[in-house]
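These are the residues of each chain, in order.
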Amino acid sequence: MLASNTTRRALASCSSPSTATVLPSFLVPALQTSAPRRTFSATANRPSKLGRNPISIPPGVELQVGDLFVKKDVTSYLQTKQRKVVVKGPLGQLELDIPSFVKIDHDTEGRKAVLTVEDKEQKKQMEMWGTTWSYLNNYIMGVSEGHTAVLRLVGIGYRATVEPRPALEEYPGQQFVCLKLGFSHPVEMGLPLGMKASAPSPTRVLLEGIDKEQIMTFAAKVRRWRVPEPYKGKGIFVNDETIKLKAKKIK
């Protein structure tokens, strides 16, 4: 009660022009107007480092951009507008669904494609700008040259072969990557449709295909059986993967 009366007297004295009163120091922070908060970053928005670069289309590759269609999201069940892009090449055909706010300027004479977005101020559009560019570039490279991944088996007794398993086939002619990784049973993993595998040596497996995401997903599933461990360096390594060895624990 006493503090509230003191505050009223101080405010009343400040409001009268004839008197000049010095406020107590503990009341100054409460009466000051708060300054506007500083934003996290004062730099201006810049275009995507990947999205602003044009994508070169090699000879023999065709790029077809379809019309807008409505697609329902699997998780949120929201209806979003998307556009289908079809990439055809000598090795196959791939389809990509892109958001409606991503525009593709296809120059057929210059053999290149430029991606833009409607609003560069929105975070989601800026994120999807570079992501769509990366997907489209991988698709174009996949149907023209193809993608590869190498699995390296490091460990005593680790072996790999590529063999058919008629009893386990999901489609005609499916090949299986058969691994011996120190378990009581061999590990047999069937290749997805459209992907090839070969074993140039007992400890190497070469994966080939036009879809980079499919290849790296399958390689990650194989690697999960023997994740590289940091003490002896044993495990399944993908491409140029390395691991830093730790010192042995001394009791």
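Residues numbered from 1 in each chain as written. Predicted model: local features only at pLDDT ≥ 70, side-chain atom pairs only at ≥ 80, totals over all residues. Heavy atoms only, no water.

## Here we look at the environment of Phe-183
Within the secondary structure, Phe-183 is located in the loop between β9 (175-180) and β10 (187-190). We classify Phe-183 as partly exposed; its relative accessible area is 34%. Between the C-alpha atoms of Phe-183 and Trp-225, which are 42 residues apart in sequence, the distance is 9.9 Å. (Helix = DSSP H or I, 4+ residues; strand = E, 2+ residues; numbered from the N terminus. Buried < 20%, exposed > 50% of the residue type's maximum accessible area, 1.4 Å probe, protein only.)

## Re helix α4 (residues 212-223)
Spanning 12 residues, α4 covers 16 Å between terminal C-alpha atoms, matching the ideal 16 Å at 1.5 Å per step. Here α4 has its buried residues at Ile-215, Phe-218, Ala-219 and Val-222. Each buried residue of α4 sits inside an arc of 100 degrees when the element is viewed along its axis, so together they form one side. Looking at the buried positions of α4, the neighbouring elements they touch are β7 (147-154), β9, β10, β12 (204-209) and β13 (235-238). In this structure Asp-211 caps α4, since a side-chain oxygen of it lies 3.2 Å from the backbone nitrogen of Glu-213. (Expected span 1.5 Å × (residues − 1). Arc of directions from axis to C-beta. Contact = heavy atoms within 4.5 Å. Polar contact = N/O pair within 3.5 Å; in protein donor to acceptor, adjacent residues only side chain to side chain.)

## Looking at the packing of aromatic side chains
Tallying each qualifying case throughout the model produces two aromatic pairs. Ring geometry for Tyr-135 versus Tyr-139: centroids 6.4 Å apart, planes at 90 degrees, classification edge-to-face. Of this pair, Tyr-135 and Tyr-139 are both found in helix α3 (residues 123-144), four residues apart, which corresponds to roughly one turn of the helix. For the pair Phe-183 and Trp-225, a centre-to-centre distance of 5.9 Å together with 70 degrees between the ring planes defines the contact as edge-to-face. Taken together, the residues span a long stretch of sequence, with Phe-183 in the loop between β9 and β10 and Trp-225 in the loop between α4 and β13 at a distance of 42 residues. Among the residues examined, Trp-225 registers a relative accessible area of 38% and is labelled partly exposed. Sitting above the plane of the Phe-183 ring, Arg-226 keeps its charged end 4.4 Å from the centroid. (Phe/Tyr/Trp six-rings, centres within 6.5 Å; stacked < 30°, edge-to-face > 60°. Lys NZ or Arg CZ within 6 Å of the ring centre and 35° of its normal.)

## Considering unusual backbone geometry
The phi dihedral of Arg-111 is positive, around 55 degrees, even though this residue is not glycine. Non-glycine residue Asn-239 carries a positive phi angle of around 55 degrees. Inspection of the secondary structure puts Asn-239 in the segment after β13. Overall, Asn-239 belongs to the partly exposed group, its relative accessible area being 29%.

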